[in-house]
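# Descriptive analysis of the structure
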Amino acid sequence: MTPASLFDLMDPRRLAKGATAFALGFAVSQSDVAASRSHMAEIQTRGVLRCGVDTGLTGFAETDDNGVWSGFEVDLCRAYAAAFLGDPDRTQFVPTTTLDRFQSLRDGDVDILLRNTSWTLSRAATQHVRFTGVYYYDGQGFLTPADLGLTSAQELSGARICVQPETTSALNLDDYSERYGLNFTTVSVETVADARIAYEAGECDAFTSDVSRLAGFRRSLTEPDRHMVLPDVISKEPLTPVVKAGDPQFEMAVEWVLMALIAAEEYGVTQSQLSEPGQISNRPEVRRLLGLDEDIASSLGVDEDFARRAIAAGGHYGELFERNLGEASPLQLERGLNAQWNQGGLLYAPPVR
């Protein structure tokens, strides 16, 4: 360092700016901590966890004739309610569309978005939200009538494509058409119900969305066997729980409930085992996960039993998947990328220690 640069560093104006920046940074960090504590406290005072879910998506979030919610994302919400409030039934499911989901989160109408929402750079940078781990690795595909005899989405040039506006699906469709020189006519449909009406009325020749969504969409059609999902997967769609930015403690709590469900599957901790303590392994990582030896969760704003309650609500990740999306469900989806890291998939929970 030269004498000149040293003098520059000691310049009172530079020191004053540095002190101001430090003070502002400290104030922001203190504000964030206060906000995170108050949000968890607000949920616990309210006694209900509000989850933003889809308006109706087979396997993920839908209601029966009695208005009872079910699905993979619904079960995730119940696991969060069990972790945060001690009761999986302390939930309120708030249907949100692709257009209003982030605003509902920012306005405080929901606490967590569990609504097949992809983690992208632009959303992370501009929506004032935080993505807290991946609960489903998906990709975009196309559903078409089987009698068209198509074998690839590249044969759809000139077709009318139903797509939900202001989604990654719409952006990916534009990228795909430009990459391969295809000419699509897009038909905007705000909800899956709108897409079904338009598709079955022949207003579009194909519907494009996440492959998991297309599997459920196909099952909802009048004659499912007359429609097929093409083999092309044109994007990466990591679906995540989303929370409003500015609550770092709450963000970590949401992330670690998901990680606990993933770790529980890896460690072999099932829902049924929790009702019979003698069946629970004495492996150190299992005891840490269940908070049996030490409290390493208090910094998240939850107690040491949070993971135990989340798993007991509906099972570990694999149990939730199998019940709602796997071979035991109408969708019969393979685990694929959503298998554990040691079984050829991408699911990976950081060490619980």
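Right above here is the structure, for reference.
Residues numbered from 1 in each chain as written. Predicted model: local features only at pLDDT ≥ 70, side-chain atom pairs only at ≥ 80, totals over all residues. Heavy atoms only, no water.

So, about the overall build of the protein. Secondary structure assignment for the protein yields 13 helices and 14 strands. Counting all 353 residues of the protein, 49% fall into the buried class. Within the protein, counting contacts between residues at least 6 apart in sequence, those at least 24 apart form 71% of the total. Carbon and sulfur atoms form 51% of the exposed surface of the protein, whose accessible area is close to 16600 Å². (Helix = DSSP H or I, 4+ residues; strand = E, 2+ residues; numbered from the N terminus. Buried < 20%, exposed > 50% of the residue type's maximum accessible area, 1.4 Å probe, protein only. Contact = heavy atoms within 4.5 Å. Areas by Shrake-Rupley, 256 points an atom, 1.4 Å probe, with all protein chains shown as cover.)

In this section: the sheet that holds strand E8 (residues 140-145). Sheet architecture is open: 5 strands sit in the order E10-E9-E11-E8-E12, paired in mixed fashion. Strands with a single pairing partner mark the edges of an open sheet, and in this sheet they are strand E10 (185-188) and strand E12 (227-229). Each strand of the sheet is rotated relative to its neighbour by a mean of 30°, with strand direction disregarded. Alignment of strand E9 (residues 160-163) against E10, held across 4 bridges, turns out to be parallel. Bridging across to E10, Arg160 finds its partner in Thr185. (Pairing = 2+ DSSP bridges. Axes fitted to C-alpha atoms, helices over the stretch in contact; angles between N-to-C directions.)

This part is about helix H12 (residues 306-314). Residues of H12 that are buried: Phe306, Ala307, Ala310, Ile311 and Gly314. For H12, the buried positions fall inside an angular range of 125° around the axis, keeping them on one side. Lining the buried residues of H12 we find helix H3 (72-85), helix H9 (248-267), helix H10 (271-274), helix H11 (284-289) and helix H13 (317-324). At the C-terminal side of H12, Gly315 shows a positive phi close to 105°. (Arc of directions from axis to C-beta.)

With respect to the helices, strands and loops of the structure, Glu73 is situated in helix H3. Of note is the side chain of Glu73, whose polar atom sits 2.5 Å from the side chain of Tyr135. Once you skip the residues sitting within four places of it in the chain, Glu73 turns out to touch Phe60, Ala61, Leu114, Arg115, Asn116 and Tyr135. (Polar contact = N/O pair within 3.5 Å; in protein donor to acceptor, adjacent residues only side chain to side chain.)

So, about the pattern of salt bridges. Scanning all chains against the criterion turns up 15 salt bridges. Between Asp54 and Arg213 there is a salt bridge, with its nearest N and O atoms 2.8 Å apart. Highlighted residues: Asp54 in the loop between strand E1 (49-53) and strand E2 (62-63) and Arg213 in helix H8 (residues 211-220), separated in sequence by 159 residues. Across this residue pair, the class does not change: Asp54 and Arg213 are buried. Of the charged contacts in the structure, one is a salt bridge between Arg160 and Asp205, with a shortest N-O distance of 2.9 Å. (Salt bridge = Lys/Arg side-chain N within 4 Å of Asp/Glu carboxyl O.)

Inspection of every chain in the model, using the stated rule, returns 15 aromatic pairs. A centroid spacing of 5.8 Å and a plane angle of 40° characterise the contact between Trp69 and Phe93, whose relative ring orientation is tilted. Taken as a pair, Trp69 in strand E3 (residues 69-70) and Phe93 in strand E4 (residues 91-95) lie far apart in primary sequence, 24 residues in all. Each member of the pair, Trp69 as well as Phe93, is classed as buried. When the centroid spacing of 5.8 Å and the interplanar angle of 50° are considered together, the rings of Phe84 and Phe250 count as tilted. Of the two residues, Phe84 is situated in helix H3 and Phe250 in helix H9; the sequence distance between them amounts to 166 residues. With a relative accessible area of 5%, Phe84 lands in the buried category. (Phe/Tyr/Trp six-rings, centres within 6.5 Å; stacked < 30°, edge-to-face > 60°.)

As a further point, take H13. Residues of H13 that are buried include every one of Tyr317, Gly318, Leu320, Phe321 and Asn324, and no others. Considered in projection along H13, the buried side chains sweep an arc of 160° and stay on one side of the axis. Buried positions along H13 lie against H3, strand E7 (136-138), H9 and H12.

For the structure on display, the rule yields 2 disulfides. The disulfide bridge from Cys51 ends at Cys77, spanning 2.0 Å between sulfur atoms. Given an S-S torsion of about 90°, the disulfide between Cys51 and Cys77 has right-handed geometry. Residue Cys51 is found in strand E1, and its partner Cys77 is found in helix H3; the two are separated by 26 residues along the sequence. Note on Cys51: relative accessible area 0%, which makes it buried. Disulfide pairing places Cys162 opposite Cys204 at an S-S distance of 2.2 Å. Disulfide Cys162 to Cys204: torsion about the S-S bond roughly -95°, handedness left-handed. Of this pair, Cys162 sits in strand E9 while Cys204 sits in the loop between helix H7 (192-200) and strand E11 (206-210); the two residues are 42 residues apart in sequence, bridging distant segments of the chain. Across the protein, the way the bonded cysteines pair up, counted in sequence order, is 1-2, 3-4. (Disulfide = S-S within 2.5 Å.)

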